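Here's the letter readout for the chains.
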Amino acid sequence: MRKIIFLLAFTFSLLLSCSSNESTTYYLIRHAEKDRSDATNRNPNLNLKGKERAEKWAAYFKNIDLDAVYSTNYTRTLQTAKPTAESKNIQIITYNPAKLYDSIFQQNTKGKTVLIVGHSNTTPMFANAILGKKKYAFMNDNDNYSLYIVSISGGKIMSSIKKIEY
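Residues numbered from 1 in each chain as written. Predicted model: local features only at pLDDT ≥ 70, side-chain atom pairs only at ≥ 80, totals over all residues. Heavy atoms only, no water.

Q: So what's going on with the overall build of the chain? Residues and values would help.
A: The helix and strand tally for the chain stands at 5 helices and 6 strands. Listed N to C, the secondary structure of the chain is α-β-α-β-α-β-α-β-α-β-β in terms of helices and strands. Looking at the chain as a whole, 41% of its 166 residues are labelled buried. Long-range pairs, those at least 24 residues apart, make up 64% of the contacts in the chain between residues at least 6 apart in sequence. With an accessible surface of roughly 10000 Å², the chain has 52% of that area assigned to carbon and sulfur atoms. (Helix = DSSP H or I, 4+ residues; strand = E, 2+ residues; numbered from the N terminus. Buried < 20%, exposed > 50% of the residue type's maximum accessible area, 1.4 Å probe, protein only. Contact = heavy atoms within 4.5 Å. Areas by Shrake-Rupley, 256 points an atom, 1.4 Å probe, with all protein chains shown as cover.)

Shown next as structure tokens:
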């Protein structure tokens, strides 16, 4: 009986230690370059350079095991996310930028590695929401190359920005 109790206690403590070391990583990018030929178009496609950048993002993430790809429901963000999602055989999940990092999103992404495609305002706001503080300002309108990386491991949150220029 003592052996069974010891085995159960050991198993329980092992499970607790594994769950507390669970790591979540978010990669956040702004959509690639959009077509600016029609200033009245609020939902433009990517331009040629943007399509090339979207393919290069897919190449960047080639050796990163992504569990999910999220995008706002705009043509330019979906077109940016598509090559990476297709290369990983993952369906793009759309998110509402008014509900950044809510409890449902947190639950669905806990312990996973996730790409999030947004905009010059939503990308840094999303990073800030994960961090729980305002660390990042809105992005420059021509910044299509910044990669925000936010990791949560053992209750500790770390973040950085990489400039991935092509």
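Q: Tell me what's going on with unusual backbone geometry, and back it up with residues and numbers.
A: Positive phi values are uncommon outside glycine, yet Asn89 reaches one of about 55°. The topology assignment puts Asn89 in the loop between α3 (75-88) and β3 (92-94). Residue Asn89 is classed as exposed on the basis of its relative accessible area of 75%. The backbone of Tyr101 sits at a positive phi, close to 55°, despite the residue not being glycine. Among the secondary structure elements, Tyr101 is positioned in the loop between β3 and α4 (103-109).

Q: Give a description of the side chain of Ser120 that names residues and reports values.
A: Examined against the element boundaries, Ser120 turns out to sit in the loop between β4 (113-118) and α5 (122-131). Residue classification places Ser120 among the buried residues on the basis of a relative accessible area of 18%. Setting aside anything within four residues of it in sequence, one finds Ser120 in contact with Arg30, Phe138, Met139 and Asn140.

Q: I'd like to hear about the sheet that holds strand β6 (residues 156-163), residue by residue, with values.
A: Spatially, 6 strands are ordered β3-β2-β4-β1-β5-β6 in an open sheet, and the strand pairing comes out mixed. Edge positions in the open sheet fall to β3 and β6, since each of these has one partner strand only. In this sheet, neighbouring strand axes are inclined to one another by 20° on average, regardless of whether the strands run parallel or antiparallel. For strand β1 (residues 23-30) and β4, the ladder comprises 6 bridges, and the chain directions are parallel. Counterpart to Tyr26 in the pairing with β4 is Val114. Running at roughly 15° to strand β5 (residues 146-153), α5 makes contact with β1, β4, β5 and β6 of the sheet. (Pairing = 2+ DSSP bridges. Axes fitted to C-alpha atoms, helices over the stretch in contact; angles between N-to-C directions.)

Q: Now, about the pairing of strand β2 (residues 68-71): what can you tell me, with residues and values included?
A: In β2, alternate side chains face the same way, and those of Ala68 and Tyr70 on one face and Val69 and Ser71 on the other are all buried. For β2 and β4, the ladder comprises 4 bridges, and the chain directions are parallel. Bridging from a neighbouring strand, Ser71 pairs with Val117 of β4. Of the strand pairs in this sheet, β2 and β3 are connected by 3 bridges, and their pairing is parallel. For Val69, the partnering residue across the bridge sits in β3 and is Ile92. In this fold, β2 hands off to α3, which returns the chain to β3; that crossover is right-handed. (Right-handed = clockwise from strand over helix to strand, strands pointing away.)

Q: Let's hear about α3: which residues, and what values?
A: Here α3 is 14 residues long and its end C-alpha atoms lie 20 Å apart, about the 20 Å a rise of 1.5 Å per residue gives. Of all the bends in α3, the greatest reaches close to 35° and is centred on Lys82; the proline Pro83 follows between one and four positions later. Listing the buried residues of α3 in full gives Arg76, Thr77, Thr80, Ala81, Pro83, Thr84 and Ala85. Looking at the packing, one finds that the buried side of α3 touches β1, α2 (48-60), β2, β3 and β4. (Expected span 1.5 Å × (residues − 1). Bend = angle between axes of the 7 residues up to and from the residue.)

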